[in-house]
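Residue-level structure breakdown
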Amino acid sequence: MALFVLGNGRSGTSALAQVLALCGASLPPGLLGATSENPRGFFEPRAVIHLNQAILHDHGSSGYDMALTPHDDGSFDVDRNSVWVAKVKDYFAGLPPAAVVVIKEPKTTTVSGIWFEGARQAGFDVAAVIAVRHPEEIIGSLEKRAGQQKYVDSSPELTCAWWLKYSLLAERDTRGVPRVFIEYSNLLEDWRREVKRISAALSIDLDVKDEASVDAFLTPSLRHHQNRGPVTEPFGADWIATVYDALAAAARDEPCDEAALDRVYLAYGASERGFARAFEDGRRYRNLNRLLPPFVVKLGLETLALAHRRRGTWA
């Protein structure tokens, strides 16, 4: 089985991947190692990072793209991406034998259909673990990372847009495969319970537990930000709360409100496309205006006034 860990970055995906590995699943070789922003390690294969970057770049997109448009116009459909499906198939064919191999790299969430098909063609069954985390905690985590790395500040508005896209796609694109939702706070609170939920939902054996290593790995220091209060709603709608409530319910084994998620998906997609076009056109006008400093505008207006002999409405 190819077990994909999907969801927004900073949602506990790294912790999930390592816990799965310590419970009997296998991580591919060639992982991205620890860094100052993630001192425990990322547990994601460098080859998968490279492939995702190449797939997205080939479609004029990136992991930082907020748009849903390419996911609605068929850009990432399997039948249009046979070359990339073949590359994914080759990647899986080259992995060491394992009953369950864990694939974790957040950008996979945006191109999961290509990965699912490539895995199937390589002879793997496909399943998904979807990481869920309160968006306010992700906002705090990204703000801290930006400060540590001296990045351009990640505004709450931008973080919420990314969170919406990745959360919506992770749920929407896994409706046809076995899946389970895991909330980060629940994993830290009782990892044994959450591993049992994964085993039961996906019918996989995760009983080979190195319990001492899991306990040592999942320390309270892994959770730098805690928030159970209201969510930020920067877009004048109830999108963030609706999506989080639906995913958090699924992480409690309650029914996932797909209708509510579809409503937000359609509303966010329509707004994103409309504002993207408005901002694109607005930038063109702004760039044109930069070519017209005030003295040029004044000269042009006075020339027009002279041409009309400063009479009538030009007086």
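Coordinates for the structure precede this section.
Note that the structure is a prediction, hence the values are computed from the model and not measured. (Residues numbered from 1 in each chain as written. Predicted model: local features only at pLDDT ≥ 70, side-chain atom pairs only at ≥ 80, totals over all residues. Heavy atoms only, no water.)

**Points about the overall build of the protein**
When helices and strands are tallied, the protein shows 13 helices and four strands. Dimensions of the protein, computed from the C-alpha atoms along their principal axes, are close to 90 × 45 × 40 Å. Residues counted as buried form 47% of the 315 residues belonging to the protein. Pairs at least 24 residues apart make up 76% of the contacts formed inside the protein by residues separated by at least 6 positions. Carbon and sulfur atoms make up 55% of the accessible area of the protein, which totals about 15,500 Å². Computed over 36 positive and 40 negative side-chain charges, the separation of the two mean positions in the protein equals 9 Å. (Helix = DSSP H or I, 4+ residues; strand = E, 2+ residues; numbered from the N terminus. Buried < 20%, exposed > 50% of the residue type's maximum accessible area, 1.4 Å probe, protein only. Contact = heavy atoms within 4.5 Å. Areas by Shrake-Rupley, 256 points an atom, 1.4 Å probe, with all protein chains shown as cover. Lys, Arg positive; Asp, Glu negative; His and termini not counted. Charge placed at Lys NZ, Arg CZ, Asp CG, Glu CD.)

**Re the environment of Glu 137**
Along the polypeptide, Glu 137 turns up in helix 6 (residues 135-149). For Glu 137 and Val 231, which are 94 residues apart along the polypeptide, the C-alpha to C-alpha distance reads 9.6 Å.

**Focus: the packing of aromatic side chains**
Any aromatic ring pair is given by two values, namely how distant the centres are and how the planes are angled relative to each other. Applying the stated criterion across every chain yields a total of 11 aromatic pairs. Measuring from ring centre to ring centre gives 6.0 Å for Tyr 91 and Trp 115, while their planes differ by 80°; the resulting arrangement is edge-to-face. Of this pair, Tyr 91 sits in helix 4 (residues 82-93) while Trp 115 sits in helix 5 (residues 112-121); the two residues are 24 residues apart in sequence, bridging distant segments of the chain. When its relative accessible area of 14% is taken as the criterion, Tyr 91 is described as buried. Grouping aromatic residues by their ring pairs yields a cluster made of Phe 4, Tyr 91, Phe 92, Trp 115, Phe 116 and Phe 124. Lying over the aromatic face of Tyr 265, Arg 172 brings its terminal NZ or CZ to 3.9 Å of the ring centre. (Phe/Tyr/Trp six-rings, centres within 6.5 Å; stacked < 30°, edge-to-face > 60°. Lys NZ or Arg CZ within 6 Å of the ring centre and 35° of its normal.)

**Remarks on the pattern of salt bridges**
This structure, assessed with the given rule, holds 22 salt bridges. Measuring nitrogen to oxygen at the nearest pair gives 2.2 Å for the salt bridge that ties Arg 284 to Asp 281. Separated by three residues within a single helix, Arg 284 and Asp 281 lie in helix 12 (residues 258-290), roughly one turn from each other. Through salt bridges with shared partners, a single ionic network connects Glu 171, Arg 172, Arg 175, Arg 179, Glu 258 and Asp 262. (Salt bridge = Lys/Arg side-chain N within 4 Å of Asp/Glu carboxyl O.)

**Here's the deal with the sheet that holds strand 2 (residues 101-104)**
Strand-to-strand pairing in sheets goes through backbone hydrogen bonds, with the strands running parallel or antiparallel. Taken in spatial order, the four strands make up an open sheet running 2-1-3-4, and their pairing is parallel. Taken across any chain shown, the strands that pair with only one partner, and hence form the sheet edges, are strand 2 and strand 4 (179-183). Going across the sheet, the axis of each strand differs from the next one's by a mean of 25°, ignoring polarity. Judged from the five bridges that link them, strand 3 (residues 126-132) and strand 4 form a sheet pairing that is parallel. (Pairing = 2+ DSSP bridges. Axes fitted to C-alpha atoms, helices over the stretch in contact; angles between N-to-C directions.)

**So, the side chain of Arg 197**
Within the fold, Arg 197 resides in helix 9 (residues 191-202). A distance of 2.7 Å separates polar atoms of two side chains, one belonging to Arg 197 and the other to Glu 194. If sequence neighbours within four positions are ignored, Arg 197 has contacts with Val 180, Phe 181, Ile 182, Ala 250, Ala 251, Arg 252 and Asp 253. (Polar contact = N/O pair within 3.5 Å; in protein donor to acceptor, adjacent residues only side chain to side chain.)

That's the geometry; what it means functionally is another story.
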